[in-house]
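Topology and contacts: notes
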Amino acid sequence: MSEEKRYLEMLDALTESLGSSEDQSLEEVTEELIAEGIDVDASISRLMQTVGKCTKAARRQALDRAREERLRTEQRSSALAIEFANLSKARLLKMIREIMSAMPDALSLSFRDLESKSDEDLASILEDLELAKQLAVEEQSHDE
Amino acid sequence: MTNELPYDFMKAEKSAAELLRKYGVETPEHIRLEDMAYDLGVRIVEAPLKGAAARLLRYGKNATIRVSNAERYSTRRRFSVAHELGHFMLYHGHSIEFVCSDFDMHDWYQAKGNERIANAFAGELLLPRFLVEKRCDVKEVNFEPVKAIADEFQTSLTATAIRFIRFCPEMCAVLFSMDSKVKWVYKGNDFWPYIRIGKSLDKRTLAYFFFQGKTLPNDPEDVDAEAWLDSDRLGDLEEVVEHSIGFSRLGAVLTLIWIRP
């Protein structure tokens, strides 16, 4: 007998027993189910396991959705590194400060020694900030 | 130090365990770091990064984790991502920038403060207790089960050995040696003898031979207990089992010490 059929039969028997169970005690209902050939404890345990598996599988679907979106945005953002690599230090600093000033919690943040960083470092910082900002904008548009 | 963890460590591990539950993780394959990170609002970038192994840059509730593409080992890159995710999830500091060195993550037992806590987070995220503990219940302590776990979970041998020692019911410890000296020790349950950090390796240990340019034996061997242990009162304990693995690129040896029951 397939797993599904077993569950359906168990649920049928359960529904039937519960349907006429208003005047019965818990023991009487259990006895009735046992008489139908159903091991109540084992069935409930199996059912709970299945529910647990389904719940976890559903939770993992969030990762599948994240993967799809991630791959889509990765394609769009690959051009950023090249774009920022050609900017002057002054321009990079200006752009980083602009992004930072627009941050939601900018007042609590600090960023040390920006001036002392190389152009290469600044370009990578700008790229990473821009990527995080893009994600924030996307999340906001999903929420709206 | 025994494996009783301070409160901050336990909190970090709890946070990682909650993440595993949130994403319905049931097997090692389900630990999909990049997808988890993305769902949490964090982008992962593998790209050039000067003078660091990884960096976390925050933008409000979002962040980018940049992992150096100079790192050759995928297991170490994976640990770096999990470590930075730890900083992100545990809200470490007020700075938007977290730069972590190779030392912070891979000599992790010596790392300090938030770096060690982020490592504890990464350890639980990559090698969850509910999946790893039963694999550590072994009769013989050697690197075979450690390697099997590392392969299955895509983790480094060092990170895996530390988790193995933590959960193994046998009396055992893992040591890391460089320049013929013990650099750090992580002791398992009930491992009572003392091993001094910084001590020069005894000529009777297998690890010593690595630093003499010799090949280490593949299998564990019995060695004099006094060669490794510093306690005065070793009593009847005459021998311990040593299994050492040399890392030529790092110039280091990872050693498992087991006191037979």
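Residues numbered from 1 in each chain as written. Chains lettered and ligands numbered in written order. Predicted model: local features only at pLDDT ≥ 70, side-chain atom pairs only at ≥ 80, totals over all residues. Heavy atoms only, no water.

A tally of regular secondary structure across chain A gives 6 helices and 0 strands. Starting at the N terminus and walking to the C terminus, you meet the elements of chain A as α-α-α-α-α-α. Per-residue burial for chain A yields a buried fraction of 31% across its 144 residues. Across chain A, the fraction of contacts at a sequence separation of at least 24, relative to all contacts at a separation of at least 6, is 59%. Summing over all exposed atoms, chain A offers an accessible surface of approximately 9,700 Å²; the carbon and sulfur share of this is 52%. (Helix = DSSP H or I, 4+ residues; strand = E, 2+ residues; numbered from the N terminus. Buried < 20%, exposed > 50% of the residue type's maximum accessible area, 1.4 Å probe, protein only. Contact = heavy atoms within 4.5 Å. Areas by Shrake-Rupley, 256 points an atom, 1.4 Å probe, with all protein chains shown as cover.)

The subject of this paragraph is the overall build of chain B. If you tally the helices and strands in chain B, you get 10 helices and 9 strands. For 261 residues, the compact-globule formula gives about 18 Å, and the C-alpha radius of gyration of chain B, at 19 Å, lands near that figure. Across its three principal axes, chain B shows a C-alpha extent of roughly 60 × 35 × 30 Å. For chain B, the residues scored as buried account for 61% of the 261 residues in total. Residue pairs in contact within chain B that sit at least 24 positions apart in sequence constitute 56% of those at least 6 positions apart. In the structure as shown, chain B presents an accessible area of about 11,300 Å², 48% of it carried by carbon and sulfur atoms. Distance between charge centroids for chain B: 7 Å, based on 35 positive and 39 negative side chains. (Rg over C-alpha atoms; globule rule 2.2 N^0.38 Å. Lys, Arg positive; Asp, Glu negative; His and termini not counted. Charge placed at Lys NZ, Arg CZ, Asp CG, Glu CD.)

Attention now moves to the confidence of the model for chain A. Residues of chain A with pLDDT of at least 70 account for 83%, and the chain-wide mean is 79. Taken as a whole, residues 106-110 of chain A scores under 50 in pLDDT and shows 9 contacts with residues more than four places along the chain or in a different chain. (pLDDT = per-residue confidence, 0-100.)

Here the focus is the interface of chain A and chain B. Counting residues at the interface gives 40 residues for chain A, matched by 30 residues for chain B. Both sides together, the interface formed by chain A and chain B hides about 3,300 Å², and carbon and sulfur atoms give 53% of it. Linking chain A with chain B are 9 salt bridges, by the criterion used here. The salt bridge partner of R70(A) is E34(B), with a shortest N-O separation of 2.8 Å. (Buried area = accessible area lost by both parts, 1.4 Å probe. Salt bridge = Lys/Arg side-chain N within 4 Å of Asp/Glu carboxyl O.)

We now examine the side chain of R55(B). Following the sequence through the fold, R55(B) ends up in strand 2 (residues 54-59). In this structure the side chain of R55(B) is engaged in a polar contact, spanning 3.1 Å, whose partner is the side chain of S124(A). (Polar contact = N/O pair within 3.5 Å; in protein donor to acceptor, adjacent residues only side chain to side chain.)

This part takes up the sheet that holds strand 8 (residues 239-247) of chain B. Residue and element names in this part refer to chain B. With antiparallel pairing, 5 strands are arranged side by side in an open sheet as 6-5-9-8-7. In the strand order of this sheet, the two ends are held by strand 6 (181-187) and strand 7 (221-224), each with one partner. Here the strands of the sheet are splayed against their neighbours by 35 degrees on average, with no regard to which way each runs. Where strand 5 (residues 171-178) and strand 9 (residues 252-259) come together, 8 bridges link them in antiparallel fashion. (Pairing = 2+ DSSP bridges. Axes fitted to C-alpha atoms, helices over the stretch in contact; angles between N-to-C directions.)

Here the focus is the packing of aromatic side chains. Residues and elements named next belong to chain B. This structure, assessed with the given rule, holds 3 aromatic pairs over all chains. Ring centres 6.1 Å apart and planes at 80 degrees place the aromatic pair Y208 and F209 in the edge-to-face group. Owing to a relative accessible area of 17%, Y208 belongs among the buried residues under this scheme. Judged by relative accessible area, F209 falls into the partly exposed class, the value being 29%. (Phe/Tyr/Trp six-rings, centres within 6.5 Å; stacked < 30°, edge-to-face > 60°.)

Before going further, it helps to spend a moment on the state of the cysteines. All names here are of chain B. Tallied over the entire structure, the rule returns 0 disulfides over all chains. With no disulfide partner, C168 has as its closest neighbouring cysteine sulfur the one in C172, 3.9 Å distant. You can call C168 buried: its relative accessible area is 0%. (Disulfide = S-S within 2.5 Å.)

The tendency in soluble globular proteins is for nonpolar side chains to be buried side by side. Grouped together as the largest cluster of nonpolar side chains are 62 residues, with contacts concentrated most on L125(B), F164(B) and V174(B). Looking at which element gives the most residues to this core, the answer is helix 8 (residues 157-167) of chain B, with 7 residues. (Core = buried A, V, L, I, M, F, W, Y, C linked by side-chain atoms within 4.5 Å.)

The subject of this paragraph is unusual backbone geometry. All names here are of chain B. One non-glycine residue with positive phi stands out, namely Q154, at about 55 degrees. Note that Q154 resides in the loop between helix 7 (143-153) and helix 8. A positive phi angle is found at D179, which is not glycine, with a value near 50 degrees.

Our next topic: the pairing of strand 8 of chain B. Residues and elements named next belong to chain B. Of the strand pairs in this sheet, strand 7 and strand 8 are connected by 4 bridges, and their pairing is antiparallel. Note that in strand 8 the partner of V223 across the bridge is V240. Following strand 8, the chain reverses through 4 residues before pairing antiparallel with strand 9; G251 in that reversal takes a positive phi of roughly 65 degrees.

A separate point is the confidence of the model for chain B. All names here are of chain B. Confidence in the prediction for chain B averages 89 pLDDT; 90% of positions are at 70 or higher. By mean pLDDT, helix 4 (residues 102-106) is the weakest element of chain B at 55, and helix 6 (residues 129-132) is the strongest at 98. Scoring the predicted complex yields pTM 0.84 and, for the interface, ipTM 0.78.

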